[in-house]
4 protein chains.
Amino acid sequence: MEWNIGLQVAQSGDLVQLVGLRHKHFIFRLEPGKVLHTHRGYLRHDDLIGKPWGTQVTSHLGNPFFLLQPSLADLLRELPRTTQILYPKEIGFILVTMGIGPGKHVVEAGTGSGALTAALAYAVGTTGRVVSYEQREEMQALARHNLERLGLAEQVTFKLRNVSEGFDERGVDALFLDVPNPHDYIVQVQAALKPGGYFGSILPTTNQVTQLLLALRRQRFAFIDVMEVLLRYYKPEPTRFRPTDRMVAHTGFLIFARPVLVDDEVSPELLAEAGVATSGGDVAEAMELMQDNGTGE
Amino acid sequence: MEWNIGLQVAQSGDLVQLVGLRHKHFIFRLEPGKVLHTHRGYLRHDDLIGKPWGTQVTSHLGNPFFLLQPSLADLLRELPRTTQILYPKEIGFILVTMGIGPGKHVVEAGTGSGALTAALAYAVGTTGRVVSYEQREEMQALARHNLERLGLAEQVTFKLRNVSEGFDERGVDALFLDVPNPHDYIVQVQAALKPGGYFGSILPTTNQVTQLLLALRRQRFAFIDVMEVLLRYYKPEPTRFRPTDRMVAHTGFLIFARPVLVDDEVSPELLAEAGVATSGGDVAEAMELMQDNGTGE
Amino acid sequence: MEWNIGLQVAQSGDLVQLVGLRHKHFIFRLEPGKVLHTHRGYLRHDDLIGKPWGTQVTSHLGNPFFLLQPSLADLLRELPRTTQILYPKEIGFILVTMGIGPGKHVVEAGTGSGALTAALAYAVGTTGRVVSYEQREEMQALARHNLERLGLAEQVTFKLRNVSEGFDERGVDALFLDVPNPHDYIVQVQAALKPGGYFGSILPTTNQVTQLLLALRRQRFAFIDVMEVLLRYYKPEPTRFRPTDRMVAHTGFLIFARPVLVDDEVSPELLAEAGVATSGGDVAEAMELMQDNGTGE
Amino acid sequence: MEWNIGLQVAQSGDLVQLVGLRHKHFIFRLEPGKVLHTHRGYLRHDDLIGKPWGTQVTSHLGNPFFLLQPSLADLLRELPRTTQILYPKEIGFILVTMGIGPGKHVVEAGTGSGALTAALAYAVGTTGRVVSYEQREEMQALARHNLERLGLAEQVTFKLRNVSEGFDERGVDALFLDVPNPHDYIVQVQAALKPGGYFGSILPTTNQVTQLLLALRRQRFAFIDVMEVLLRYYKPEPTRFRPTDRMVAHTGFLIFARPVLVDDEVSPELLAEAGVATSGGDVAEAMELMQDNGTGE
């Protein structure tokens, strides 16, 4: 199927990525009458509207830029990185692992700067829904602003609340916690997720991960997985091909799990197979062991 | 916003994931009257329709299974892995890096078993479009069958052709080549992609990667990136937390690039900044060096 | 300086590595009159003595083998791997980091199968000394046997004891603990090591590592380092060069530290710089935090 | 066996490691009458001689330092890193893999700043021998100076020569090439190594590695291995244990191989098993393929 070549020029309302010298990037939305100011001169949006994607444009000082459309990864790298540790290397993997795509209903907490919120909103599209909880007002305002800039605010509902009070939603497809203490909210998570739905979290330290694992066991979550994603770049030089000198060693450990309905009917073997603690005893025993490990006695 | 709890039971037409003992997984679509045969007995679809997600169901022999909805990663792992080397760890990263989401127009070659095709179809949703080229008829038939099983065939157009003849499409958002010799098709790729669009490929050997890098340079592709994604699992045991013993060491190197419009107008500095070879001289020189390296003389 | 070519033939008493078809390896010491039995026939030592290194020899059935001298890594891979997790990738790094070389005095516990003992004995040479503690008699006997086979038993003293009773040695250059609970013996370690000497350990889980870190802090060890070593092989095929498909994901975390003399004289800033807890308060606080983390409450 | 506590004080002629605030390290040899100048004051060697290892000493301005004995790794990190890419993570592995220990005879080229030379000299001890070739006079002078500072110059013979002229030595145990074009010297390497001896090299790019692999094949080297060593540090914080943020992504690819005696007698299966090209045909074919790959045609 041949597609309309008419989509090849930048139009009013489009998200634009300007890439200039010294790797200077600008991401913004085209609006008639507006002006983009850079350290190398200004550019009128009106001069960009109608220009073909991929061409060179210049500031009023004559400095050159390529006019491009940004991908999700470009958008994510654009957002100020404050507390969040979610990079594109994690985000793609989270979306695919948790089944987050067009039409899905997803909840996340906390919003942070909105990096993951943007990815979730992008992936679920206009037929899906994202609800994002955050307790710090300024943080939420910043994220809402970022999402609006990226034109992704429409499918997102922002709620200002500490999630210890619980989530309003029920039967959610996927729920992601990007907070330092997710183990404190597993009961609330379980109430919001549909059985068999996907829970996900990212944590920087092994101490936090083992705490969360204990909580997930206590609440009979199944199919618990922990992993880390490492990304190594190569210098794209055909006659001297090699990895770069340095790389990101760690962002966080990813934890995924799925709640199942557990009652007297469920065979213990099946529960064990799925990794579900079959009795409170398992968990109590684990907690004791952890206590010993914790104090070194 | 509270959502309809009514979505919590399996319905006719739904994609189902049955997880049983000994990690046996079955993914299939519910259809009244049909029967699923397993080594541990059979299950009637009619007995599953109407059951809540996340509960236990049993075969006629009494063997237990959890009734779940699969994520994209679950679907991908289900597909027979023949020639393809694309795992969830790559696929999520490819989607995010190449900006593949709801509504996008994507082309890929070859189809292979359809693993990436499924991921692309899933991500672009019903408002997007995927065109997949494959020259081996049995391969295409298999992929089409897989996509239909997964209910993702609707937004995919399968074309039986060797892509040296070129792609029919123009102004495509993203184009992925999963073939052993992508360097042979870069001219065709450039004709199909919109300027600033995303090209991607995965190759197992460094020899193939350097060949592709040369071809991309020759064709003035910009923003060339090469990387690899490594995934390491951890044993999810809170009192004995550690990485697993073994891991996948390599699937392939990922290569991404974006074509830009290059003519006399474009400043050489901007081209250099974007990694575009500024004269045929660069490429000829690189080819000479490669020839020497190749023979070791 | 030219060296004596006379060293190029296998001699009585030499350690030999026979490498045959299907990667079958044999490591043994040449002794006149003895016979080596393999699944592919037997070889008389007398037929090997006097043969040049690197040539082909055959069993009485005519099966071929290369006659080689083994390196330390070859010797290490030969030892049966029971409980130990020390691979060549760790062992070389341990030797270099802990300054273990000719003439040094080293203590280790437990002996295990003697893999590290062999490496230590090899590295310190005939002018150095290794003392190896083990509490299981059969384990010690096995290790002693292995070290004798490798001709490395001379510089090793084996002691049958649980190290909670303490080490006999004082002013040791380096001390390595390969036991599940090294945190229980840090006081004993500190008594045996010379100030500024090197302590090392390897542990499989993060739980064990954090326990050990607490104990090291309590005992005012300085310059504490934790790391892991990953090794990835490549297929040595010049036209299809790439990493292998799979790799070892984890053996253990390496921990190194050096005790320093801490008294009222030592400036708090210097102690902090070296990572030494400057007051019991730090450690008590850490233990409390660990306790909370441990139970998840 | 209890050892003499008398070794616990610094003595004239000892190598000393002074570790101060802000991680300032000094490595030098104690000599009566000499003075060490630091940015934080000077220290008289006479005030250090006789002090116990591991204690605090102060400069004339009162700035504190720990008085320690350095390990090989400490010494290696001290050497100025000019062209060499050999880190402790590689060096330990090289020593163990190539069987370099007390009494061995080792050759290397080029000397560079002497980092590997120092490690080789340290490992072979006073009963071993190291010959180091270098063609740049200033480089050799620098290395000789470094080795003398470290007290390791005695077992090293420095030769000023381009190794294309060949090595003087024969029947060498191990030979390491740290040059950009080792493939040019494989004939010379083979002449110097004893059959079954160990060849090693480190190269930064895959292009150089594949060139070397071709040359090794042509010269009938066996047991060819290629690998890379990755090291990741962890923050040694017991209550917040996690990997550091960044790490070294690449130093070089390690290549090891062993020459064997190949003649009509050697069974083709054994040669194939050991990875030896059984006919010139293999190599010619490989060279052709490489040529194609090199130009992409």
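Residues numbered from 1 in each chain as written. Chains lettered and ligands numbered in written order. Predicted model: local features only at pLDDT ≥ 70, side-chain atom pairs only at ≥ 80, totals over all residues. Heavy atoms only, no water.

Draft legend 1. View of the overall build of chain A. Helix and strand counts for chain A stand at 9 helices and 15 strands. Based on the C-alpha atoms only, the size of chain A along its principal axes is roughly 70 × 45 × 45 Å. Sorting the 297 residues of chain A into buried and exposed places 63% on the buried side. Within chain A, contacts between residues separated by at least 24 positions form 62% of all contacts whose residues are at least 6 apart in sequence. Surface summary for chain A: the accessible area is close to 10900 Å², and the carbon and sulfur share equals 49%. Looking at charge distribution, chain A has the averaged site of its 28 positive side-chain charges lying 11 Å from that of its 34 negative ones. (Helix = DSSP H or I, 4+ residues; strand = E, 2+ residues; numbered from the N terminus. Buried < 20%, exposed > 50% of the residue type's maximum accessible area, 1.4 Å probe, protein only. Contact = heavy atoms within 4.5 Å. Areas by Shrake-Rupley, 256 points an atom, 1.4 Å probe, with all protein chains shown as cover. Lys, Arg positive; Asp, Glu negative; His and termini not counted. Charge placed at Lys NZ, Arg CZ, Asp CG, Glu CD.)

Draft legend 2. Focus on the packing of helix α3 (residues 88-97) of chain A against helix α3 (residues 88-97) of chain B. Following both chains from N to C, one finds α3 of chain A and α3 of chain B inclined at 110°, their axes separated by 7 Å at the closest point. The orientation of α3 of chain A with respect to α3 of chain B, classified from their angle, is roughly perpendicular. For the pair α3 of chain A and α3 of chain B, the contacting residues are Pro88, Lys89, Ile91, Gly92, Phe93, Leu95 and Val96 of chain A in the first and Pro88, Lys89, Ile91, Gly92, Phe93, Leu95 and Val96 of chain B in the second. Grouping the amino acids of the contact of α3 of chain A with α3 of chain B by side-chain chemistry returns 10 nonpolar, 2 polar and 2 charged. (Axes fitted to C-alpha atoms, helices over the stretch in contact; angles between N-to-C directions. Parallel < 35°, antiparallel > 145°, perpendicular 65-115°, else oblique. Nonpolar A, V, L, I, M, F, W, Y, C, P; charged D, E, K, R; others polar.)

Draft legend 3. Local environment of the sheet that holds strand β1 (residues 15-20) of chain B. All names here are of chain B. On the basis of which strands lie adjacent, the open sheet formed by 4 strands has the order β2-β1-β6-β5 and antiparallel pairing. Edge positions in the sheet fall to β2 (25-29) and β5 (56-58), since each of these pairs with one other strand and no more. Across the sheet, the mean angle from the axis of one strand to that of its neighbour is 35°, orientation sign disregarded. As judged from the 4 bridges shared by β1 and strand β6 (residues 64-68), these two strands associate in the antiparallel manner. Among the inter-strand pairings, Gly20 is bridged to a residue of β6, identified as Phe65. (Pairing = 2+ DSSP bridges.)

Draft legend 4. Geometry of the interface of chain A and chain B. Listed per partner, the contact involves 98 residues of chain A and 98 residues of chain B. Summed over both sides, the interface of chain A with chain B buries roughly 7900 Å², with 66% coming from carbon and sulfur. Taken together, the links from chain A to chain B amount to 6 salt bridges. With a closest N to O distance of 3.7 Å, Asp74 of chain A and Arg258 of chain B form a salt bridge. (Buried area = accessible area lost by both parts, 1.4 Å probe. Salt bridge = Lys/Arg side-chain N within 4 Å of Asp/Glu carboxyl O.)

Draft legend 5. Just the pattern of salt bridges, in detail. Applying the stated criterion across every chain, the model contains 48 salt bridges over all chains. Arg217 of chain B is the partner of Glu237 of chain A in a salt bridge, and the nearest nitrogen-oxygen pair spans 3.1 Å. Remark: Arg217 of chain B occurs in helix α7 (residues 206-218) and Glu237 of chain A occurs in the loop between β12 (221-235) and β13 (242-243); the pair is interchain, linking two chains. Assessed through its relative accessible area of 18%, Glu237 of chain A is described here as buried.

Draft legend 6. Structural context of the environment of Lys194 of chain A. Summarising the element assignment, Lys194 of chain A is placed in strand β11 (residues 193-203). Given the relative accessible area of 8%, Lys194 of chain A is considered buried. Each C-alpha atom, one on Lys194 of chain A and one on Leu175 of chain A, is 9.8 Å from the other, the two residues being 19 residues apart in sequence. The residues contacting Lys194 of chain A, other than those within four sequence positions of it, are Gly171, Val172, Asp173 and Pro259 of chain A together with Gln8 and Gln69 of chain B. At a separation of 2.7 Å, a polar atom in the side chain of Lys194 of chain A contacts the side chain of Asp173 of chain A. (Polar contact = N/O pair within 3.5 Å; in protein donor to acceptor, adjacent residues only side chain to side chain.)

Draft legend 7. The sheet that holds strand β1 (residues 15-20) of chain C, seen in detail. Residues and elements named next belong to chain C. Ordered in space as β2-β1-β6-β5, the 4 strands form an open sheet in which the pairing is antiparallel. At either end of the open sheet lies a strand with only one pairing partner, and these are β2 (25-29) and β5 (56-58). Direction aside, the axes of adjacent strands within the sheet are offset by 35° on average.

Draft legend 8. Broad picture of the environment of Pro70 of chain C. Tracing the chain through its elements places Pro70 of chain C in the loop between β6 (64-68) and α2 (72-78). Between the C-alpha atom of Pro70 of chain C and that of Phe26 of chain C, which follows or precedes it by 44 residues, the distance is 9.9 Å. Apart from residues no more than four positions distant in its own chain, Pro70 of chain C is found in contact with Leu15, Val16, Gln17, Ile27 and Leu75 of chain C together with Tyr198 of chain D.

Draft legend 9. Region of the structure containing the packing of aromatic side chains. Tallying each qualifying case throughout the model produces 32 aromatic pairs over all chains. Between Phe199 of chain A and Phe221 of chain A, the ring centres sit 6.0 Å apart and the planes meet at 65°, which makes this aromatic pair edge-to-face. Here Phe221 of chain A lies in strand β12 and Phe199 of chain A lies in strand β11, a separation of 22 residues in the sequence. As far as the burial class goes, Phe199 of chain A and Phe221 of chain A line up, both buried. Counting every residue linked through ring pairs, the aromatic cluster contains Tyr234 and Phe241 of chain A together with Phe253 of chain B. (Phe/Tyr/Trp six-rings, centres within 6.5 Å; stacked < 30°, edge-to-face > 60°.)

Draft legend 10. Representation of the relation of the copies chain A and chain B in the model. Of the transformation superimposing chain A on chain B, the axial component is 0.0 Å and the angular component is 180°, with the fit at an RMSD of 0.0 Å. Both copies are brought into coincidence by an operation consistent with a two-fold rotation axis. Ranked by how close their C-alpha atoms come to the rotation axis, the residues of chain A are headed by Gly92 of chain A, at 1.9 Å. When the interface residues of chain A are mapped onto chain B, 100% of them are again interface residues, pointing to one common binding face. (Least-squares fit on C-alpha atoms with pLDDT ≥ 70 in both.)

Draft legend 11. A look at unusual backbone geometry. All names here are of chain A. For the bond from Ala109 to Gly110, the omega torsion is -10°, close enough to zero to count as cis. Within the fold, Gly110 resides in the loop between β7 (105-109) and α4 (115-124). Its identity as a non-glycine residue notwithstanding, Arg220 has a phi of 60°, on the positive side. Relative to the helices and strands, Arg220 resides in the loop between α7 (206-218) and β12.

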